[in-house]
Amino acid sequence: MTVQSDLQKAIASCEAAKGSYAMMAQSTEDPQAKQMFNSMKADIDRHIQYLNGRLSYLNQNNDLNKKKQ
């Protein structure tokens, strides 16, 4: 298993969690719970942004990728 594939799996898991948080925020009528789920969704957006940045960096700087070009 490569670091890139690990990152891709982590990103997919984060996207799934983000969807769950969005659904939970929509499903509840409790304003505090809605705010909490939306806050968690915003947190996971930052995680996804970091993971995508790391994946992009690795894809650009991986010696194995450079040899293929």
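Owing to the predicted nature of the structure, the values given are computational and were not obtained by experimental measurement.

**Re the packing of helix α1 (residues 3-27) against helix α2 (residues 31-61)**
Running from N to C, α1 and α2 cross one another at 160°; their axes reach a closest spacing of 9 Å. One way to sum up the angle between α1 and α2 is to call them roughly antiparallel. By crossing handedness, the relation of α1 to α2 is classed as left-handed.

**Some details on α1**
With 25 residues, α1 extends 36 Å from end C-alpha to end C-alpha; this agrees with the ideal 36 Å at 1.5 Å per step. Along α1, the residues that are buried comprise Gln4, Ser5, Leu7, Ile11, Cys14, Tyr21 and Ala25.

**A closer look at the pattern of salt bridges**
Tallied over the entire structure, the rule returns 2 salt bridges. Among the salt bridges present, the one from lysine 18 reaches aspartate 45, with a minimum N-O distance of 2.8 Å. Placement of the pair is lysine 18 in helix α1 and aspartate 45 in helix α2, with a sequence separation of 27 residues. Aspartate 45 sits in the partly exposed class, given a relative accessible area of 30%. With its nearest N and O atoms 2.1 Å apart, the salt bridge here joins aspartate 43 to arginine 46. On the criterion of helical spacing, the pair formed by aspartate 43 and arginine 46 is a turn pair, its members being 3 residues apart in helix α2. Given the relative accessible area of 31%, aspartate 43 is considered partly exposed. The class of arginine 46 is partly exposed, set by a relative accessible area of 48%.

Cut-offs used in this document
- Residues numbered from 1 in each chain as written.
- Predicted model: local features only at pLDDT ≥ 70, side-chain atom pairs only at ≥ 80, totals over all residues.
- Heavy atoms only, no water.
- Axes fitted to C-alpha atoms, helices over the stretch in contact; angles between N-to-C directions.
- Helix = DSSP H or I, 4+ residues; strand = E, 2+ residues; numbered from the N terminus.
- Parallel < 35°, antiparallel > 145°, perpendicular 65-115°, else oblique.
- Left-handed = near helix turned anticlockwise from the far one by under 90°.
- Expected span 1.5 Å × (residues − 1).
- Buried < 20%, exposed > 50% of the residue type's maximum accessible area, 1.4 Å probe, protein only.
- Salt bridge = Lys/Arg side-chain N within 4 Å of Asp/Glu carboxyl O.

These results come straight from atomic positions and should not be treated as a statement about function.
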